[in-house]
Amino acid sequence: MTLSAEHVIYMDNNATTRVAPEVLDAMMPYLSDLYGNPSSMHTFGGRVGQAISGARQSVANLLGASADEIVFTSCGTESDSTAILSALQTYPEKNHVVTTRVEHPAVKNLCDNLEIFTGRKYHITRLPVAEDGTLDLQRYRDSLTDETAIVSVMWANNETGVLFPVEEMARIAKERGILFHTDAVQAVGKIPISLQEGAIDFLSISGHKLHAPKGVGVLYIRKGTPFIPFLNGGHQERGRRGGTENVASIVGLGKACELAAAKMEEENSRVRTLRDKLEKGLLTTIPKALLNGHPQHRLPNTANISFEYVEGEAILLMMNQHNICASSGSACTSGSLEPSHVLRAMGVPFTAAHGSIRFSLSVYNTDEEVDFVLQKMPAIIARLRELSPFWEENK
Ligand code: PLP
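So, here's what we can say about the structure. Please read these numbers as outputs of a predicted model, since none were measured by experiment.

Some details on empty space enclosed by the protein
In step 1: For the structure on display, the rule yields one cavity of 30 Å³ or more.
In step 2: The calculated volume of the largest cavity comes to roughly 40 Å³.
In step 3: When its residues are assigned to classes, the lining of the largest cavity shows five nonpolar, three polar and no charged.

Structural data, given as structure tokens:
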């Protein structure tokens, strides 16, 4: 099968995912005929309330949790903030937070601001990572103190896909009486998760990373974990998050969780096979191409590869001419290209960090698409290197 000229090859699924057709179908009635308010006393609203209850159960099933531990929010960012700020309010006498140097801005910037805007009332420990993006557990143990209110460590890194041993880390925190939050936005739907027997207190999800729409998220709150709401208002979510529910998106997220639970194993092994083929092909056909992140302890869909001595943004522009969508590990801020804080924390040299590209696949990618990318990439990198004075000196 050949790909048409208009065909978009979407390999940027850690940025956002396509809404699954089944998810859209499930949502449509709640954007049209079933518009009642789930809090209303009438049967019309009650039907909508039942749909939310069904979605809550579907999310709980995917997480191995119970339905009353699921709180719907507006996004992953809200879930992250809610968990961390709740812990700090619960323990006003504690002033220490443990996190990592590679968190998503949703956690990173909150922690930075906690230090700055409270006149350094809060002290943040940001755990370093090794060259392969993994954490040192002994260093983590040593970072915990009697002042630590909460640990917030992501389950899977959005740039490299590297997985952290959050279940073990949560047990260690629990032994010290410290609350544990994980930003599992990139992990949910991609790896099996079972929270019931574990020690994780809070876990964040974002709908748009698992084929549900943007603007809906979940905060899992373990039964018995002390909790203070972030959004105060009506009695929605049993008083844990005020605001009339985003019904259609919640229903969509429930459907996406059902799909993930039913197909995760089979689909992810297919995605892993495609990712591995892409990764191996790029690393073997393009000189000075390096994998960023641990080769095994990784999400099945993510490959972060550096092409030395070229700029990531230039690579993306040329990929874009072939309708190939991915992300670069550098961001243009105030006119200068800043390599990502994740790659910097891993000690990736500047010459490689600048030329890093994140390919993140989904169940919608095909073998033909991988072949197409493998066919185009060597010429793109070679062309850009012809223009690079650094390449001449270092090839
Ligand atoms: N955490 C991680 C690891 C993410 O990758 C993202 C989104 O990129 C978020 C949090 C934020 O999620 P949302 O876009 O729903 O606020």
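A closer look at the sheet that holds strand S5 (residues 148-152)
In step 1: Ordered by their spatial adjacency, seven strands build an open sheet running S2-S8-S7-S6-S5-S3-S4, and the pairing between neighbours is mixed. Taken across any chain shown, the strands that pair with only one partner, and hence form the sheet edges, are strand S2 (70-73) and strand S4 (123-127). The average angle at which neighbouring strand axes cross in this sheet is 20°, direction not considered.
In step 2: Bridge analysis of S2 against strand S8 (residues 217-221) gives four bridges, and the strand direction is antiparallel. Counted as the bridge partner of Val-71 is Leu-219 from S8.
In step 3: The strands touched by helix H2 (residues 43-63) within the sheet are S2, strand S7 (202-206) and S8, with S2 carrying the most contacts at an inclination of about 115°.
In step 4: Of the strands in this sheet, strand S3 (96-100), S4, S5 and strand S6 (179-183) touch helix H4 (residues 105-117), which is tilted by about 145° from S4.

With respect to the packing of H2 against helix H7 (residues 247-285)
In step 1: Where H2 meets H7, the closest approach of the two axes is 8 Å, and the angle between their N-to-C directions is 35°. Our pair here, H2 against H7, has a crossing hand that is left-handed. Where H2 approaches H7, its residues Val-48, Ala-51, Ile-52, Ala-55, Ser-58, Val-59 and Leu-62 are matched on the opposing element by Val-247, Ile-250, Val-251, Leu-253, Gly-254, Cys-257, Glu-258, Ala-260, Ala-261 and Met-264.

Focus on a nonpolar patch on the surface
In step 1: On the surface, a cluster of nonpolar side chains totalling about 290 Å² of accessible area is made up of Leu-24, Met-28 and Leu-31.
In step 2: Structurally, Met-28 can be placed in the loop between helix H1 (21-27) and H2.

Quick notes on the rules
- Residues numbered from 1 in each chain as written.
- Predicted model: local features only at pLDDT ≥ 70, side-chain atom pairs only at ≥ 80, totals over all residues.
- Heavy atoms only, no water.
- 1 Å grid on protein atoms, 1.4 Å probe; cavity = no way out; pocket = protein on both sides within 12 Å on 5 of 7 lines; lining within 4 Å.
- Points joined across faces, edges and corners; volume = space filled by probe spheres on them.
- Nonpolar A, V, L, I, M, F, W, Y, C, P; charged D, E, K, R; others polar.
- Pairing = 2+ DSSP bridges.
- Helix = DSSP H or I, 4+ residues; strand = E, 2+ residues; numbered from the N terminus.
- Axes fitted to C-alpha atoms, helices over the stretch in contact; angles between N-to-C directions.
- Contact = heavy atoms within 4.5 Å.
- Left-handed = near helix turned anticlockwise from the far one by under 90°.
- Patch = residues over 30% accessible without salt bridge, like charges linked within 9 Å, V, L, I, M, F, W, Y side chains within 5 Å.
- Areas by Shrake-Rupley, 256 points an atom, 1.4 Å probe, with all protein chains shown as cover.
- Salt bridge = Lys/Arg side-chain N within 4 Å of Asp/Glu carboxyl O.

Scope: geometric values only; no functional claims are made or implied.
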